[in-house]
Amino acid sequence: LSMIAAFRAGHADDAARLADDLVRQLAAGTGGRALSQAGIHAQLGLVHVELRDAARAARAADAIAQLTDGAPATLPLASHERVIRAGALRLTGDLDAAAAILDDARASLPEGSCDRGLAEREHARVLRARGLDEPARDAFLVATRAFQAAGERWLADATEREADAG
């Protein structure tokens, strides 16, 4: 939680340092059960996407996939893994692969959920990276509304600011 709080407070360097500390703890085996560890990697991955660190985001997605192997596809961590992986791919310029992953994720997530908001926001980022500004703005609005419906005010506000930043 400290890592997320630092990031949301605008302290990206502190968030990155805390994320690195957490990865070391997980590697040392002090992170608890597999699904708990996968949840931690999901938070790490989402922060790494925000920090534009494609390599670390991809490693977090890989860890989630490994830790949730054999779990039901409806497990929320499965959608987190896909959104994080799509973010990592977008950051490396593989927009087609990112879009394909997001199309699948968006179709399987309930509207008005935080998870749907995460997928819609990443979809908007892919559209923006493709230079499709108007569709990207529309997609950011869909993401903002999903976050609002889920009660995620900070994510809704941050997504709205990102949309406005163009």
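It should be noted that the structure appears before, not after, this text.
Residues numbered from 1 in each chain as written. Predicted model: local features only at pLDDT ≥ 70, side-chain atom pairs only at ≥ 80, totals over all residues. Heavy atoms only, no water.

**Topic: the layout of surface pockets**
Rolled over the atoms, a probe sized like a water molecule indicates the empty space that remains.
Here's step 1: Estimates place the volume of the second largest pocket at around 250 Å³.
Here's step 2: As for the second largest pocket, its lining consists of Val49, Glu50, Arg52, Arg90, Leu91, Arg125, Arg128, Ala129, Phe140, Glu162 and Ala165.
Here's step 3: Looking at the lining of the second largest pocket, the element that brings in the most residues is helix α7 (residues 114–129), giving three residues.
Here's step 4: Partitioning the lining of the second largest pocket into residue classes produces five nonpolar, no polar and six charged. (1 Å grid on protein atoms, 1.4 Å probe; cavity = no way out; pocket = protein on both sides within 12 Å on 5 of 7 lines; lining within 4 Å. Points joined across faces, edges and corners; volume = space filled by probe spheres on them. Helix = DSSP H or I, 4+ residues; strand = E, 2+ residues; numbered from the N terminus. Nonpolar A, V, L, I, M, F, W, Y, C, P; charged D, E, K, R; others polar.)

**Describing the pattern of salt bridges**
Here's step 1: Using the criterion set out here, one finds 15 salt bridges in the structure.
Here's step 2: Arginine 106 is the partner of glutamate 120 in a salt bridge, and the nearest nitrogen-oxygen pair spans 3.0 Å. Placement of glutamate 120 in helix α7 and of arginine 106 in helix α6 (residues 95–108) is noted, with a sequence separation of 14 residues between them.
Here's step 3: You can call glutamate 120 buried: its relative accessible area is 3%. (Salt bridge = Lys/Arg side-chain N within 4 Å of Asp/Glu carboxyl O. Buried < 20%, exposed > 50% of the residue type's maximum accessible area, 1.4 Å probe, protein only.)

**Considering the packing of helix α3 (residues 34–50) against helix α5 (residues 76–91)**
Here's step 1: Here α3 crosses α5 at 30°, and the two axes come no closer than 9 Å. Considering the angle they form, α3 stands roughly parallel to α5. In this structure, α3 crosses over α5, and the sense of that crossing is left-handed. From α3, Leu35, Ala38, Gly39, His41, Ala42, Gly45, Leu46 and Val49 reach across to α5, where they touch Leu77, His80, Ile84, Gly87, Ala88, Arg90 and Leu91. (Axes fitted to C-alpha atoms, helices over the stretch in contact; angles between N-to-C directions. Parallel < 35°, antiparallel > 145°, perpendicular 65-115°, else oblique. Left-handed = near helix turned anticlockwise from the far one by under 90°. Contact = heavy atoms within 4.5 Å.)

**A look at unusual backbone geometry**
Here's step 1: One non-glycine residue, arginine 52, lies in positive phi territory at about 60°.
Here's step 2: Relative to the helices and strands, arginine 52 resides in the loop between α3 and α4 (54–67).
Here's step 3: In this structure arginine 52 comes out as exposed when scored by relative accessible area, which is 67%.

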